[in-house]
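# An overview of the molecular structure
If you want the building blocks of each chain, they are given just below.
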Amino acid sequence: MDENEVIALYGFRSKQEYIYRTNRMREITGASELIAGMYSRFTAESPVPIDADWRNCAWSELRETFDGAVVYEGGGNLCILYRDRPAYVRANRFFSRMILDCAPGLGLIAACAARTDDFGADMKSLRAAFDAAKNSHLTPGFCNVLPFTLVDRATFQPVAIKQAVGSELVESSRESACKREAYELMGNEKKLRGKFIDDIVDEKGKDSLIAVIYCDGNSIGQRLRKVMEGNGSLYSTNVEALRDFSVKIHEAFVERPLAAIGRALSSQKESRRGYRVVIDHGDEITLVVNAHVVPMVIDTYLSSVEETDGLHACVGVAICHSHDPFSEVYRIAEQCCESAKKKNRGEILRGRANASYVDFHYCRSGLTGSLDQIRDTQEARFTLRPYLYRSTDSSSVDLKTFLEFGGRIAKSPLSRGDVKTLGNVILASASPELANSSRFQLEIERLKTKEGAGDKAIEEMERVSGRLFTRLVFDISNFYDVWFAKDTGDTEEESGE
C-alpha cells in the first residue's frame, strides 16, 4: 500500500429531478440511459488509467499500469482507489467536463479520504466527506438571464438547438438535446426496453389507462453495513464482499423481477402485454404498464424479490391516462412508494419484521399537489392503503385480501352500480365510523340479499376485516373499474382469443 493513496466516492445529485425535468418520454428514457452509462464511460475514457474490470477480476492492489482501480459500483455510487490525490483531481476535471458535454444539468458529487489499512474506518471517513460535499454542493443550471432569451417551454432553459424532426422544427435546450441523442442511440443499438406509451393502452380514446410503477428495495443501506461489519478491516475481504453484494442486489431487485414480469405479461391478451422500462438501476425499477394488469405485475415483482431470503421491497403505483404529464404522475408513484416505506418503518419500530408494502393512487383529477395533500382532502379518512403485501396472520387485511374480495364481488350478482354506491355513501360521511350509518348498513344488507345463497363475499369480507370493513369497501369501490370489472385482466385463454 502506498501512503499517498486516496479512496474516492462519486454520486449524482437529484437524479430523479434531472430525469423527470420534462414530460417527454424520449428525453426521460434518454436521461435514465445517460446516468446508467455515465460511470462506465468515465472509467473507459478517463486520461487517468483506471482498472475498471471489477466484475470479472478479483481485487488486487493498484497495478503499475493503472493510477486508479474501481472498488465497486452500486447503489448509484462509484468507489475508486487512486494512486495519489493529483490523480484524483485530474480524473475529476475530466469527469466534470465530460458531464458538461454529454449531460448538462446533471450534478456530480465527489469526495475522497486518505487510505489506511482499515477499510471500515476509511469508508466511514469517506462517507462523512461525501455527505458534507452533498449537503454543500450547488447544482449549476442554465437560465434565461435576459428578457429576450428564447426558452424551452418544457424546461424553461435557454433554447440552444433547432433541429428538424420529421416535418417540424424542434427547438430545445442543450440538456434536452443530449437526452434525445442518448435515446436515439439506444434505438440504433436496439436497446429500447419496451413499447411506446400509446401501444400499452387497451384502446386510445376509449380505455387509455396506464400505470406508473415505482419499485424500491428495503433497508439496502443496513444490509450493506452488515456486510462490511462482518469482514474485518482488510481491503481484500471487504472489497470482494461489496462487489458480490452489488451484483446480487441488482440481480435480485432488477434482472430477475423484470424477466419474471416479461414472462407473466406474455400470458395477457395482446393489448395488455406491452410495458416500458424507464429506470432499472441498483435496487430500483420504474416501469409503465397497462393499468389493468397492475395486480399481476406487483405480485410477480414482489414474489421474485422475496425468493431471496430476507429481501423485501416497497411498491408505489399511480394510475392515469396516457396523455397525463408523465413527470407529475411519476412523482405521485414515487410518493406512494415512500408512503409504503414509511408504513414499513413504523411497523419495524413497533417490533414487526421488515416486510413488503404496496400503495397505489388513481389520478382522477388535477395533479397539482402532493400525494399527502390529495389524500388529506379526498380520502385519507377512508382508505386502508398502504397494504402489507403478504401477511402471515390469516386474520389480517393484506393486499391478497383486498384483491381476493374485489375479485369475488366482481364475479357475484352485484353490479358496478352497487359497488360504486357503497363507495359514495362512505365518501359522503365525515369519518369511517360515521359511514357505518343506517344508510350504509341498509345498502350492505340489500347487497347481502342480492348475493343470495351463492358466494357470500360481502358477509365474509365483513367478518374477516372487522373494524376495517368500511375502509376495505372504499378501496375496492375506488379501483373496481380498473382491476375487478368483469372484462379486466383476461388472459387469451379466458377471453377465447
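Report on the accompanying structure. (Residues numbered from 1 in each chain as written. Predicted model: local features only at pLDDT ≥ 70, side-chain atom pairs only at ≥ 80, totals over all residues. Heavy atoms only, no water.)

## Considerations on the side chain of S176
In plain terms, the rule: Helix numbers and strand numbers start at the N terminus; a helix is a DSSP run of H or I with at least 4 residues, a strand a run of E with at least 2. The buried label applies to any residue whose accessible area, calculated with a 1.4 Å probe on protein chains only, is under 20% of its type's maximum; exposed applies above 50%, and partly exposed to all values in between. The contact definition used throughout considers only heavy atoms, calling two residues in contact when any of these lie within 4.5 Å.
As for its position among the elements, S176 is in helix α5 (residues 174–188). Overall, S176 belongs to the buried group, its relative accessible area being 1%. Excluding anything up to four places from it in sequence, S176 contacts R24, E27, D152 and T155.

## Focus: the pattern of salt bridges
We apply this condition: Take a side-chain nitrogen of Lys or Arg and a carboxyl oxygen of Asp or Glu: if they are within 4 Å of each other, that pair is a salt bridge.
Counted under the stated rule, the structure contains 34 salt bridges. A salt bridge links E347 to K343, with the nearest nitrogen and oxygen atoms 3.8 Å apart. Of this pair, E347 and K343 both sit in helix α9 (residues 326–349), separated by four residues, roughly a single helical turn. Overall, K343 belongs to the partly exposed group, its relative accessible area being 33%. Ionic pairing is found between E347 and R350, a salt bridge with its closest N-O pair at 3.0 Å. Note on R350: relative accessible area 62%, which makes it exposed. Ionic contacts of the salt-bridge type, sharing partners, join the residues D359, R375, E379, R385 and D475 into one network.

## Focus: the sheet that holds strand β9 (residues 275–281)
This is how the line gets drawn: Paired strands, as defined in this entry, are two strands with at least two bridges between them according to DSSP.
Within the open sheet, the six strands sit side by side as β9-β10-β8-β11-β12-β13. Their pairing is mixed. In the strand order of this sheet, the two ends are held by β9 and β13 (387–388), each with one partner. For strand β8 (residues 209–217) and strand β10 (residues 284–290), the ladder comprises seven bridges, and the chain directions are antiparallel. Paired with I213 across the bridge in β10 is L287.

## With respect to empty space enclosed by the protein
Applied cut-off: A cavity here means a set of points on a 1 Å grid, drawn over the protein atoms and nothing else, where a 1.4 Å probe fits but cannot get out; a pocket is an open set with protein on both sides within 12 Å along at least five of seven lines, and a residue lines either one if it has an atom within 4 Å of a point. Grid points are joined across faces, edges and corners, and a volume is the space filled by probe spheres set on the points. Residue polarity follows a fixed list, in which Ala, Val, Leu, Ile, Met, Phe, Trp, Tyr, Cys and Pro are nonpolar, Asp, Glu, Lys and Arg are charged, and the others, Gly among them, are polar.
Inspection of every chain in the model, using the stated rule, returns one cavity of 30 Å³ or more. Of the volumes computed, that of the largest cavity is approximately 40 Å³. Around the largest cavity, the lining residues are I409, V419, L422, I458, M461, V473 and I476. Every element with two or more residues in the lining of the largest cavity is listed here: α12 (416–427), α15 (457–465) and α16 (469–478). Grouping the constituent residues of the lining of the largest cavity by class yields seven nonpolar, no polar and no charged.

Scope: geometric values only; no functional claims are made or implied.
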